Amino acid sequence: MPKGDMFRSVKLLAINFLYFFILSVLLRITFLGYHYDLSSDLTFGEMLLTFYYGAKLDFSIAAYASFLPLVLTFLSRWMNPQLSFRLYNGYLLVLSLLIVFLSIADLELFSAWGFRIDTTPLLYLSNPKEAMASSSTAPFFLLGIILVGLSSVVIWSIRILRKHAWIDYTQKTPVEHLITLALLFALIIPVRGGFQLAPMNISHVYFSSKPFANQAAINATWNFLYDLNIDQDQNPFEYFPEDQVSDLAKPLFYDSLSDDRIRLINTDRPNVIFIIWESFTAKAVASLGGRNVTSDFDRLVSEGIYFTGLHASGDRSDKGLVSIMSGYPAVGQKSIMKTPRKAAKLPNLGDVMRNAGYETAYYYGGEMEFANMKSYFRNGFEHLVDMYAFDEKDRNSKWGVHDHVVLERFETDISQAKQPFFYTLFTLSSHEPYEYPKAPYFEGSDNETLFLNSLRYTDESIFDFIQKAKQSSWWDETLIVIMADHGHPFPGSSEPHDPEKYHVPMLWLGGAVDQRGLVINKIASQTDIPATILSQLDISSKQFVWSEDIMNPSYAGRAFFNFKNGFGVITAGDTAIYDAIGDKVIKLSSKSEDALNQGKALSQQVYDFFLGL
């Protein structure tokens, strides 16, 4: 055998490693091009740096992908040459296409969620209908063209690759085997990102104060695999010694409030109705400085009590609903609703109201099983009504039943309910794909216009419900609370960390309201809804440890919100936004780091609580 052939394993590794590295670079170029609206905010130098810093993850993926071909060469001495070649060829093709497919999915998931693909989509596989409905607004034609283009490049590259990389390894010498083993061990270095003590993580590629630049540096495949293998029992928000955490977090959710309260209702045991409006963002409410989209809602503002400073706890429905009903802050990517055994241990407003003598019911026009919603609401609500309680002819939305139909059924059932009652309705029409069964209110076919039209449709539907409710026998004894599950990037294109994305309205209406036209401008959190409602009913809220009464005179006002990679804290005098993965302060509006440390401590505490359930 010629001496040069002794190093053919090195050649194989070099060719495969370079191929998968170039594929990662091509996919990053695709990502930047697909999100050109965000890429345009980066300088050319910043774009180049996404490749420089992202190369660490690209090298890691290339090393992972190059491992099996080396193993095949090691075993090929005892294998049929044709079989080993076919295994090599098939491995390259399947793995390359999987990487391309994952990266194509990442393009649109980033548009929707603002973070690179991880295992979050796997949580929705048990509800394929809802998952497909959510993705139906994606530009499939464009994504299909990209998929075909990248797949063609992959297939063409593999045809060239196999001619130059794979040789008959059946005659390998002992020296070659040793070289192959040495190369296999050497791959550990790029896999873990170098010789440092701790293996590489996402923070290694964060380099910029611009969040999109950091996101562009992430390798989507590496991120997905990393999330699959992450220790689910490890708190990712460990900042302080355990004995300091409570004291640091105390100013946010443990202030000592006075025993006083401001009375907003005129009866001790009113009926209570919650209307939780999907993606009801303040950015679409003119009275809050947003677009004039929900004009009917603004017509109702003068008839009730308007909370203008409320902020959602998270950016997904499963997190927002738990914040509203259990006063539990959203922290990290974990969703407690999707972990039923843990969610069952949380206090639930439905259960508290039922024990206080209320008849309880929860209405949703989609499938109640979505995101384990059914198991969560079964903990406190006697009656659950979903799409299957409606005639098949009414189930004509991709999600299920349109909002106006559900609201009509809601109004009919309330008229027959035993008083006092606590009835909750969660709308769905303003969720992707933003379907509405009426002529458009705003011209356009882009996703933002579809969203605004769906909001306007639900706005009109809720207004009609309120007008009918005013004529009912139960109106005078009822408090109706209109609120959001979370905000939305539209209108505009708010980034995941933008406080405006979490700013949501809340309006109290009904005959039980005692101070019509009152405006409450306090900064507040969605988690404060249980304590605030129960205080008005003179029912203890002690079990809702992260919830406080907004109307208590001692309540200073603060909000805590969570996004995939960090958190935000808003107080009357400060705003702190922190990227936990990159260990970077995105915004700090004062010189003091009090709000920042409070947010860190709360994140640590709430996640420890989650792990301990």
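Sequence order sets the numbering: in each chain, residues are counted from 1 along the sequence as written. Confidence filtering applies because this is a predicted model: local features only for residues at pLDDT of at least 70, side-chain atom pairs given and counted only at 80 or more, and all residues used for totals across whole chains, interfaces and linings. No hydrogens and no water enter the side-chain calculation; it runs on all heavy atoms of the structure.

Engineer: Quick rundown of the overall build of the chain? Include the residues and the values.
Structural biologist: Tallying secondary structure elements over the chain gives 20 helices and 14 strands in all. Taking 2.2 N^0.38 as the reference for a compact globule, 613 residues should give roughly 25 Å; the C-alpha atoms of the chain span a radius of gyration of 28 Å, in line with that estimate. Taken over the C-alpha atoms alone, the chain extends approximately 95 × 60 × 45 Å along its principal axes. To sort residues, take the accessible area from a 1.4 Å probe on protein chains only and compare it with the maximum for the residue type: under 20% means buried, over 50% means exposed, and anything in between is partly exposed. Within the chain, the fraction of its 613 residues that count as buried is 57%. In what follows, a contact means two residues having at least one pair of non-hydrogen atoms within 4.5 Å. A separation threshold of at least 6 residues defines the contact pool for the chain, and within that pool the share at least 24 residues apart is 75%. Exposure was quantified through the Shrake-Rupley algorithm and a 1.4 Å probe, taking into account, for residues, occlusion by the shown protein chains and nothing else. Taken as a whole, the chain presents about 25100 Å² of accessible surface, with 57% of it coming from carbon and sulfur. Helix and strand definitions follow DSSP, with helices as H or I runs of at least four residues and strands as E runs of at least two, each counted in order from the N terminus. Radius of gyration: over C-alpha atoms. The globule rule applied is 2.2 Å multiplied by the number of residues raised to the 0.38 power.

Engineer: Mind laying out the pattern of salt bridges, listing which residues take part and the relevant values?
Structural biologist: When a carboxyl oxygen of Asp or Glu lies within 4 Å of a side-chain nitrogen of Lys or Arg, that pair is called a salt bridge. In total, this model carries 19 salt bridges according to the counting rule given. Linking Arg-263 and Asp-268 is a salt bridge whose minimum nitrogen-to-oxygen distance equals 2.8 Å. Residue class for Arg-263 comes out partly exposed when judged on its relative accessible area of 25%. In this structure Asp-268 comes out as exposed when scored by relative accessible area, which is 54%. Here Glu-303 ties to Lys-470 by a salt bridge, and the two come within 2.8 Å at their closest N and O atoms. With Glu-303 in the loop between helix 12 (295–300) and strand 2 (305–307) and Lys-470 in helix 18 (residues 447–470), this residue pair connects regions lying 167 residues apart in the sequence. Judged by its relative accessible area of 25%, Lys-470 is partly exposed. Among the ionic contacts, a cluster of salt bridges with common partners joins Asp-296, Arg-299, Arg-456 and Asp-459.

Engineer: Hey, could you go over the packing of aromatic side chains for me, with residue numbers and the actual values?
Structural biologist: The aromatic pairing rule takes the rings of Phe, Tyr and Trp, using the six-membered ring of Trp, and pairs them if the centres are within 6.5 Å, calling planes under 30 degrees apart stacked, those over 60 edge-to-face and the rest tilted. Enumeration over the complete set of coordinates arrives at 40 aromatic pairs. Residues Tyr-53 and Phe-207 carry aromatic rings whose centres are separated by 4.8 Å and whose planes lie at 0° to one another, so their mutual orientation is stacked. Pair noted here: Tyr-53 is in helix 3 (residues 44–75) and Phe-207 is in the loop between helix 8 (188–192) and helix 9 (211–217), with a separation of 154 residues, a long-range link. Here Tyr-53 falls in the partly exposed class, since its relative accessible area comes to 25%. Both rings, one in Tyr-502 and one in Phe-561, keep their centres 4.2 Å apart while their planes meet at 15°; by these two values the pair is stacked. A residue pair is termed long-range when its members are at least 10 positions apart, and Tyr-502 in the loop between strand 7 (478–484) and strand 8 (506–509) and Phe-561 in strand 11 (residues 558–563) qualify at 59 residues. According to the relative accessible area criterion, Phe-561 is buried, its value standing at 0%. Following the ring pairs from residue to residue traces out a cluster consisting of Phe-274, Tyr-362, Tyr-376, Phe-377, Phe-381 and Phe-422. Against the face of Phe-610 rests Lys-342, its NZ or CZ located 4.8 Å from the ring centre. Across the ring face of Phe-115, the terminal group of Lys-564 is positioned such that the distance to the ring centre comes to 5.3 Å. The rule for a charge over a ring is simple: NZ of Lys or CZ of Arg within 6 Å of the ring centre, and within 35 degrees of the ring normal.

Engineer: I'd like to hear about the pairing of strand 11, residue by residue, with values.
Structural biologist: Among the six residues of strand 11, six are classified as buried, and the element is accordingly described as predominantly covered. The alternating pattern of strand 11 places Arg-558, Phe-560 and Asn-562 on one face and Ala-559, Phe-561 and Phe-563 on the opposite face, and all of these are buried. By the bridge criterion, six bridges tie strand 11 to strand 12 (residues 566–571) in an arrangement that is antiparallel. Looking at strand 12, one finds that Phe-563 is bridged to Gly-566. Here, any two strands with at least 2 DSSP bridges between them count as paired.

Engineer: Could you give an account of the environment of Arg-409, with specific residues and numbers?
Structural biologist: Counting through the fold element by element, Arg-409 comes out in helix 17 (residues 403–415). Classification of Arg-409 as partly exposed rests on a relative accessible area of 27%. In this structure, the C-alpha to C-alpha distance between Arg-409 and Phe-390, residues 19 residues apart in sequence, is 8.8 Å. Setting aside chain neighbours within four positions, we find Arg-409 in contact with Tyr-363, Val-385, Ala-389 and Phe-390. For this analysis, a polar contact is any N or O atom pair within 3.5 Å, provided that within protein one partner can donate a hydrogen and the other can accept it, and provided that sequence-adjacent residues contribute only side-chain to side-chain pairs. A distance of 3.0 Å separates a polar side-chain atom of Arg-409 from the backbone oxygen of Ala-389.

Engineer: So what's going on with a negative patch on the surface? Residues and values would help.
Structural biologist: For patch detection, residues must exceed 30% relative accessible area and be free of salt bridges, and they are connected within 9 Å for like charges or within 5 Å for nonpolar side chains (Val, Leu, Ile, Met, Phe, Trp, Tyr). Two residue types count as positive, namely Lys and Arg, and two as negative, namely Asp and Glu; His and chain ends fall outside the count. Charge positions are represented by NZ for Lys, CZ for Arg, CG for Asp and CD for Glu. Taken together, Glu-238, Glu-242, Asp-243, Asp-247 and Asp-608 make up a surface patch of like negative charges. Per-element accounting of the negative patch gives the leading share, three residues, to helix 11 (residues 242–253). Mapped onto the secondary structure, Asp-608 falls in helix 20 (residues 594–612). Residue class for Asp-608 comes out partly exposed when judged on its relative accessible area of 34%.

Engineer: Any chance you could break down unusual backbone geometry for me, citing the residues and the numbers?
Structural biologist: Each neighbour pair has its own omega, and for Glu-432 with Pro-433 the value is 15°, a cis peptide bond. Relative to the elements of secondary structure, Pro-433 occurs in the loop between strand 6 (421–426) and helix 18. Residue Pro-491 is reached from Phe-490 by a cis peptide bond, and omega for that bond is -10°. Relative to the helices and strands, Pro-491 resides in the loop between strand 7 and strand 8. Not every positive phi belongs to a glycine, and Tyr-434 is a case in point at roughly 60°. For Tyr-434, a relative accessible area of 4% puts it in the buried group.

Engineer: Describe a nonpolar patch on the surface, with residues and values.
Structural biologist: A contiguous nonpolar patch, built from Leu-178, Leu-181, Phe-185 and Ile-188 and spanning about 410 Å² of accessible area, is present on the exposed surface. Here the nonpolar patch gets three residues from one element, more than from any other, and that element is helix 7 (residues 174–186). When its relative accessible area of 44% is taken as the criterion, Ile-188 is described as partly exposed.

Engineer: Now, about the sheet that holds strand 12: what can you tell me, with residues and values included?
Structural biologist: What the four strands build is an open sheet, ordered 11-12-13-14; its pairing is antiparallel. Single-partner strands in this sheet number two, and they are strand 11 and strand 14 (584–588). Put simply, the sheet's adjacent strands are angled 10° from each other on average, direction ignored. Relative to strand 14, strand 13 (residues 575–579) is paired through four bridges, and the arrangement is antiparallel. Residue pairing for strand 14: Asp-579 is matched across the bridge by Lys-584. Axis lines are fitted to C-alpha atoms, over the contacting stretch for helices. Their N-to-C directions set the angle, which ranges from 0 to 180 degrees. Packing against the sheet, helix 20 makes contact with strand 11, strand 12, strand 13 and strand 14, and its axis sits at approximately 130° to strand 12.

Engineer: Tell me about the side chain of Ser-208, and name the residues and values.
Structural biologist: Within the secondary structure, Ser-208 sits in the loop between helix 8 and helix 9. The class of Ser-208 is buried, set by a relative accessible area of 8%. Reaching out from Ser-208, the side chain makes a polar contact with the backbone nitrogen of Lys-210 at a distance of 2.9 Å. Excluding anything up to four places from it in sequence, Ser-208 contacts Glu-46, Ala-213, Asn-214 and Lys-584.

Engineer: Account for helix 10 (residues 220–229), with residues named and values stated.
Structural biologist: Residues Ala-220, Thr-221, Trp-222, Asn-223, Phe-224 and Asp-227 constitute the buried set of helix 10. Sitting at the head of helix 10, Asn-219 places a side-chain oxygen 3.1 Å from the backbone nitrogen of Thr-221.

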